[in-house]
Amino acid sequence: MTGDSARIEFLTWLATERRASPHTLEAYGRDVAEFLGFLTQHQGAEPDLAALGSLTPADLRAFLAARAKDGAGNATRARQLAAIRSFLRFLARRHGIAPLAIAAMRGPKRVQPVPRALNRADARAAGTEIGDVHHGERPEFQAARDVALFTLLYGCGLRISEALGLNIADAPLPGSDAALRILGKGGKTRLVPVLPVVRQAMAGWMAHRGGASPDEPLFLGARGKRLDPAVAQRTLREYRRLAGLPEHATPHALRHSFATHLLAGGADLRSIQELLGHASLSTTQRYVAVDAEGLLATWRLAHPRSD
């Protein structure tokens, strides 16, 4: 059996037995075909089952090195290696080849992208001005809702899912200094302090929620049900276009901005980790790379030898 015949058999198995999506089939088919093409040049002949069974980790490393030389990033090469592993394991089960090449092969390390924050003015405007940009085009209650939601995201560093999961009983209102209790990833609960500006924005929204019971959703959509994250994302996307904000101005960018601006202002990483609900400090440390200039300014002010 030729390598290409094995590839077709593998894709048929993915489609019929694993019910893989068309997108997965296309990606895996392309990745395996590219690997087989490399082997044809690397070994001087189109690989058959015997050749595939005798591959070594060095053969896979040579393929990954060639892809890196062509400009493929770590994520692309890791995906291709996953497709090749699946292909070779299929051949091991179906045809009894020994997949020696994948026994101890590790993929390229995925590099986490650096969070992209907004500057202070843009982050503040996303909350305070988003209700004005559509003035007269939407009901007043929607404008009040959006001001409260996006002020909350930036003011408390919440994920959009965390904010939209809140109920009326959770609303942080003026006259209270209680922290906001957030149910985060993995069912972990954390307490987040609430700024006065967040409480004021929330009071403006709650003025439209008179008579709501404590267990009703805090943020509602146009049909009276819990606001869908896609609607919130679209709202900020429209505002971004009208206000001339950068393309990375998204609800999650407000969370990044919360962390970045706290760090630049002198907050320590451990405190920011707790506020964001990160399980690992290494996740929070990504923000150190975001505002090096701000950190340098803070260091110059704080270090006794900065003169």
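The following refers to the structure shown.

Conventions and cut-offs
- Residues numbered from 1 in each chain as written.
- Predicted model: local features only at pLDDT ≥ 70, side-chain atom pairs only at ≥ 80, totals over all residues.
- Heavy atoms only, no water.
- Phe/Tyr/Trp six-rings, centres within 6.5 Å; stacked < 30°, edge-to-face > 60°.
- Helix = DSSP H or I, 4+ residues; strand = E, 2+ residues; numbered from the N terminus.
- Buried < 20%, exposed > 50% of the residue type's maximum accessible area, 1.4 Å probe, protein only.
- Polar contact = N/O pair within 3.5 Å; in protein donor to acceptor, adjacent residues only side chain to side chain.
- Contact = heavy atoms within 4.5 Å.
- Arc of directions from axis to C-beta.
- Core = buried A, V, L, I, M, F, W, Y, C linked by side-chain atoms within 4.5 Å.
- Axes fitted to C-alpha atoms, helices over the stretch in contact; angles between N-to-C directions.
- Left-handed = near helix turned anticlockwise from the far one by under 90°.
- Expected span 1.5 Å × (residues − 1).
- Salt bridge = Lys/Arg side-chain N within 4 Å of Asp/Glu carboxyl O.
- Pairing = 2+ DSSP bridges.
- Nonpolar A, V, L, I, M, F, W, Y, C, P; charged D, E, K, R; others polar.

We now examine the packing of aromatic side chains. Applying the stated criterion across every chain yields a total of nine aromatic pairs. With a centroid separation of 5.7 Å and 50° between ring planes, the pair formed by Phe10 and Phe90 is classed as tilted. One end of the pair, Phe10, is in helix α1 (residues 3–16); the other, Phe90, is in helix α5 (residues 74–95), with 80 residues separating them in the sequence. With respect to class, Phe10 is no different from Phe90; both count as buried.

We now examine the side chain of His248. Structurally, His248 is set in the loop between α10 (229–243) and α11 (251–264). Note on His248: relative accessible area 19%, which makes it buried. A distance of 3.1 Å separates a polar side-chain atom of His248 from the backbone oxygen of Ala117. Those residues in contact with His248 that sit more than four places away from it in its chain are Arg116, Ala117, Leu118 and Ala253.

With that settled, the discussion passes to helix α12 (residues 269–276). Listed in full, the buried residues belonging to α12 are Ile272, Gln273, Leu275 and Leu276. Projection of α12 onto a plane perpendicular to its axis shows the buried side chains occupying an angular sector of 165°, all on one side. Where α12 is buried, its residues contact β2 (189–192), α11 and α13 (281–284). Sitting at the amino-terminal end of α12 is Asp268, which places a side-chain oxygen 3.2 Å from the backbone nitrogen of Arg270.

If you look at the biggest cluster of nonpolar residues, it comprises 45 residues, and the most contacted ones within it are Leu149, Leu152, Met202, Leu218 and Phe219. For this core, the secondary structure elements donating two or more residues are α6 (120–128), α7 (140–156), α8 (160–164), β1 (180–183), α9 (196–206), α10, α11 and α12. No other element matches the eight residues that α7 contributes to this core. In this view, Phe219 contacts Arg145, Ala148, Leu149, Leu152, Ala163, Leu164, Met202, Trp205, Arg209, Lys225, Arg226 and Leu227; residues no more than four positions away in its chain are not counted. Grouped together as the second largest cluster of nonpolar side chains are 23 residues, Leu49, Leu52, Leu60 and Ile97 included.

This brings us to the environment of Gly131. Relative to the assigned elements, Gly131 resides in the loop between α6 and α7. Separated by 13 residues in sequence, Gly131 and Ala144 have C-alpha atoms that sit 6.4 Å apart.

What follows concerns unusual backbone geometry. A positive phi angle, near 50°, is found at Arg19, a position not held by glycine. Here Arg19 shows up in the loop between α1 and α2 (22–43).

Attention now moves to the packing of α7 against α11. Closest axis-to-axis distance for the α7/α11 pair is 7 Å, and the angle between their directions is 35°. By crossing handedness, the relation of α7 to α11 is classed as right-handed. Facing Phe150, Leu153, Tyr154, Gly155 and Cys156 of α7, the residues of α11 in contact are Pro251, Leu254, Arg255, Ser257, Phe258 and His261.

Once that is clear, we can look at α11. Its 14 residues give α11 an end-to-end C-alpha distance of 20 Å, which sits within 8% of 20 Å, the value for a rise of 1.5 Å per residue. Among all positions in α11, only Pro251, Ala253, Leu254, Arg255, His256, Ser257, Phe258, Ala259, Thr260, His261, Leu263 and Ala264 are buried.

Pairing between side chains of opposite charge can happen when the charged atoms of each approach one another. Taken as a whole and judged by the stated rule, the model has twelve salt bridges. Of the charged contacts in the structure, one is a salt bridge between Glu26 and Arg30, with a shortest N-O distance of 3.8 Å. Here the residue Glu26 and the residue Arg30 both occupy positions in helix α2, the gap between them amounting to four residues, near one helical turn. Classification of Glu26 as exposed rests on a relative accessible area of 52%.

Attention now moves to the pairing of β1. Of the two faces of β1, the one lined by Leu180 and Ile182 is fully buried and the one lined by Arg181 and Leu183 carries no buried residue. Here β1 pairs with β2 via four bridges, running antiparallel. Bridge pairing in β2 links Ile182 to Arg190. The hairpin turn running from β1 into β2, its antiparallel successor, is five residues long, and Gly186 in that turn takes a positive phi close to 70°.

Time to look at the packing of helix α4 (residues 57–69) against α5. The N-to-C vectors of α4 and α5 enclose an angle of 145°; their axes lie 10 Å apart at closest approach. Judged by the sense of rotation from one axis to the other, the crossing of α4 with α5 is right-handed. Touching Leu60, Phe63, Leu64, Arg67 and Ala68 of α4 are Thr76, Arg77, Gln80, Leu81 and Ile84, all from α5. Partitioning the contact of α4 with α5 into residue classes produces six nonpolar, two polar and two charged.

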